[in-house]
Amino acid sequence: QVQLVESGGGLVQPGGSLRLSCAASVSIFAMNAMAWYRQAPGKERELVSIITHVGSTKYADSVKGRFTISRDTGKNTVYLQMNSLKSEDTAVYYCNGVMLGSGSAYWGQGTQVTVSS
């Protein structure tokens, strides 16, 4: 059973920064891709950013230029650096991993990010 554990959420003022972490219980090289999603109250879960097995990255238009996804393969951890945060970034952020081969998807428990003055 793969476990993904997020950390790093919290309350930050508009314009501030946070770094989210997602620690995997298996090698992230076993993952076809890892991603960050978010879900705001009353809205559907949306893809924020993804990093593939070979290290390619993609971002939602709403976060391009402000968020950066990265990984530390030695620590089996994926990060989401969030800068210039806006109130509309307020949401629960979830880490997602899709296994190579089986295609099984795993989710973390989520971490709350609140952007407010």
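Being a predicted model, the structure only gives us computed values, none of them experimental. Every chain begins its residue count from 1, and numbering advances along the sequence as written. Predicted model: local features are reported for residues with pLDDT of at least 70 only, side-chain atom pairs are reported and counted for 80 or more only, and whole-chain, interface and lining totals are derived from all residues. Only heavy atoms go into the side-chain values, all of them from the structure, while hydrogens and water stay out.

## Description of the environment of Q109
Stated formally: By the criteria applied, helices consist of DSSP H or I runs no shorter than four residues and strands consist of E runs no shorter than two, each listed in order from the N terminus. Any pair of residues with heavy atoms lying within 4.5 Å of one another is described as a contacting pair.
By secondary structure assignment, the location of Q109 is in the loop between strand 10 (105–107) and strand 11 (111–115). For Q109 and A23, which are 86 residues apart along the polypeptide, the C-alpha to C-alpha distance reads 12 Å. Apart from the residues lying within four places of it in its own chain, the contact partners of Q109 are L4, V5, E6 and Y94.

## Notes on the side chain of R66
The cut-off we apply is this: The classification of residues rests on relative accessible area computed with a 1.4 Å probe and restricted to protein chains. Under 20% of the type maximum is buried, over 50% is exposed, and intermediate values are partly exposed. Between N or O atoms, a polar contact is any pair within 3.5 Å; within protein, one atom must be a potential hydrogen donor and the other a potential acceptor, and residues adjacent in sequence are included only when both atoms are from side chains.
Tracing the chain through its elements places R66 in the loop between strand 6 (57–59) and strand 7 (67–72). A residue is classified by how much of its surface remains accessible, and R66, at 10% relative accessible area, is buried. A distance of 3.0 Å separates the side chain of R66 from the backbone oxygen of S84, its partner in a polar contact. If we skip the residues at most four places from it in the chain, R66 touches Q81, M82, N83, S84, L85, K86 and D89.

## Side note on the sheet that holds strand 1 (residues 4–7)
Short version of the rule: Following DSSP output, two strands are said to pair if at least two bridges run between them. Note on geometry: axes are lines fitted to C-alpha atoms, helical ones only across the stretch in contact, with angles between N-to-C directions running from 0 to 180 degrees.
With antiparallel pairing, the four strands of this open sheet are ordered in space as 1-3-8-7. Across the chains shown, the open sheet's two edge strands, defined by having one partner strand only, are strand 1 and strand 7. If you compare each strand with its neighbour and ignore which way they point, the axes differ by 15 degrees on average. Bridge count between strand 1 and strand 3 (residues 18–24): four bridges; the pairing is antiparallel. Counted as the bridge partner of S7 is S21 from strand 3.

## Structural notes on the environment of V2
If you trace the backbone, V2 turns up in the segment before strand 1. Linking V2 and S25, residues 23 residues apart in sequence, is a C-alpha distance of 5.8 Å. Excluding residues within four positions of it along the chain, V2 makes contact with S25, V26, M31, M99 and Y106.

## Focus: the nonpolar core
Going by this rule: The definition of a nonpolar core used throughout is a set of buried Ala, Val, Leu, Ile, Met, Phe, Trp, Tyr and Cys residues joined through side-chain atoms within 4.5 Å.
Of all hydrophobic cores here, the largest spans 28 residues; its most connected members are L4, M34, W36, F67, L80, M82 and Y93. Mapped onto this core, the elements with two or more residues apiece are strand 3, strand 4 (31–39), strand 5 (46–52), strand 7, strand 8 (77–82), strand 9 (91–99) and strand 11. Other than its neighbours up to four places away in sequence, L80 contacts L18, R19, L20, W36, V48, S49, F67, T68, I69 and Y93.

## Describing the packing of aromatic side chains
Put simply, the rule reads: What counts as a ring pair is set by centres within 6.5 Å for rings of Phe, Tyr and Trp (its six-membered ring), and what kind of pair is set by the plane angle: stacked under 30 degrees, edge-to-face over 60, tilted for all other angles. Working rule: Lys NZ or Arg CZ, within 6 Å of ring centre, within 35 degrees of ring normal, means a charge sits over the ring.
This structure, assessed with the given rule, holds two aromatic pairs. Taking 4.9 Å as the distance between ring centres and 65 degrees as the angle between the ring planes, the aromatic pair formed by Y37 and W107 counts as edge-to-face. Of this pair, Y37 sits in strand 4 while W107 is found in strand 10, placing the two residues 70 residues apart along the sequence. For Y37, a relative accessible area of 22% gives the class partly exposed. Its relative accessible area of 39% is what places W107 among the partly exposed residues. Ring centres of Y94 and W107 lie 6.4 Å apart, and the angle between their planes is 85 degrees; this geometry places the pair in the edge-to-face category. Of this pair, Y94 sits in strand 9 while W107 sits in strand 10, and the two are 13 residues apart along the sequence. Within the aromatic cluster, the residues linked to one another by ring pairs are Y37, Y94 and W107. The positively charged end of R45 is found above the aromatic ring belonging to Y94, 3.8 Å away from the centroid.

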